[in-house]
Each structure stands twice: as C-alpha cells, then as structure tokens.
Amino acid sequence: MAAKKTIKLKQIGSPIRRDEKQRKILIGLGLNKMHKVVERQDTPEVRGAIAKLPHMVAIVD
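What counts, and at which threshold
Residues numbered from 1 in each chain as written. Predicted model: local features only at pLDDT ≥ 70, side-chain atom pairs only at ≥ 80, totals over all residues. Heavy atoms only, no water. Buried < 20%, exposed > 50% of the residue type's maximum accessible area, 1.4 Å probe, protein only. Helix = DSSP H or I, 4+ residues; strand = E, 2+ residues; numbered from the N terminus. Pairing = 2+ DSSP bridges. Polar contact = N/O pair within 3.5 Å; in protein donor to acceptor, adjacent residues only side chain to side chain. Contact = heavy atoms within 4.5 Å. Core = buried A, V, L, I, M, F, W, Y, C linked by side-chain atoms within 4.5 Å. Salt bridge = Lys/Arg side-chain N within 4 Å of Asp/Glu carboxyl O.

> Sorry, what's going on with the pairing of strand β1 (residues 6-11) here?
Side-chain direction in a regular strand flips from residue to residue, so the side chains alternate between the two faces of the sheet. Residues of β1 alternate between two faces, with Ile-7, Leu-9 and Gln-11 buried on one and Thr-6, Lys-8 and Lys-10 left unburied on the opposite face. Bridge analysis of β1 against strand β2 (residues 37-41) gives five bridges, and the strand direction is antiparallel. Paired with Leu-9 across the strands is Val-38, a residue of β2. As paired elements, β1 and strand β3 (residues 57-60) share four bridges and run antiparallel to each other. In the sheet register, Lys-8 faces β3, and the bridge partner there is Val-60.

> Got a minute to help me understand the side chain of Gln-11 in this structure?
Looking at the secondary structure, you find Gln-11 in strand β1. Given a relative accessible area of 0%, Gln-11 falls into the buried group. Of the polar contacts made by the side chain of Gln-11, one reaches the backbone oxygen of Gly-13; its length is 2.9 Å. When neighbours within four sequence positions are excluded, Gln-11 is seen to be in contact with Leu-26, Leu-31, Asn-32, Lys-33, Met-34, His-35, Lys-36 and Met-56.

> Could you clarify how one ought to interpret the nonpolar core in this entry?
The nonpolar side chains of a soluble globular protein tend to be buried with one another. With 12 residues, the main nonpolar core is built from Ile-7, Leu-9, Leu-26, Leu-29, Leu-31, Val-38, Val-46, Ala-49, Ile-50, Leu-53, Met-56 and Val-57. Broken down by secondary-structure element, the contributors of at least two residues to this core are β1, α1 (20-29) and α2 (44-52). Of all the elements, α2 adds the most residues to this core, at three residues. Aside from chain neighbours lying at most four places away, what touches Val-57 is Leu-9, Lys-10, Ile-12, Leu-26, Leu-29 and Leu-31.

> I'm lost on the pattern of salt bridges in this one. Help?
A side chain of one charge can pair with a side chain of the opposite charge if their charged atoms are brought near each other. The full count for this structure, using the stated rule, is one salt bridge. Here Arg-47 ties to Asp-42 by a salt bridge, and the two come within 2.7 Å at their closest N and O atoms.

The structure is reproduced here in structure tokens:
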C-alpha cells in the first residue's frame with residue numbers, strides 16, 4: 001500500500017478580530033496558537049480549508 005501524502009501547515013495569522021467561520025476552520029485544521037506546525041493528509045478538503053485562510057495559514061516544506 002502506498003504511503004499517504006501529507007503536508008505541513010503553519011499558523012501565521014492570529015484569529016483575533018476574525019470571523020467565527022475562520023476560527024472554526026483553524027480549529028478544524030488543528031491550529032490554535034501562533035507559529036504552531038501540524039501535519040495533515042493532502043486531501044481536497046484540507047486544500048480547500050487552506051484556500052479560505054491564505055492570510056492565516058502557510059504550507060511549510
């Protein structure tokens with residue numbers, strides 16, 4: 001079985017003064033503190049969540 005492809009995400013923006021939807025997307029990605037890095041599977045759902053928060057989430061190599 002092939003290994004699942006993953007991506008690393010880093011929170012670069014604060015959820016303070018942001019819409020509730022954006023805060024929930026961050027929590028759904030597993031991010032809740034500045035500069036936290038998490039590893040997630042590279043799926044269309046995760047890519048869509050990243051696309052909604054380009055000002056708060058960065059993909060790390």
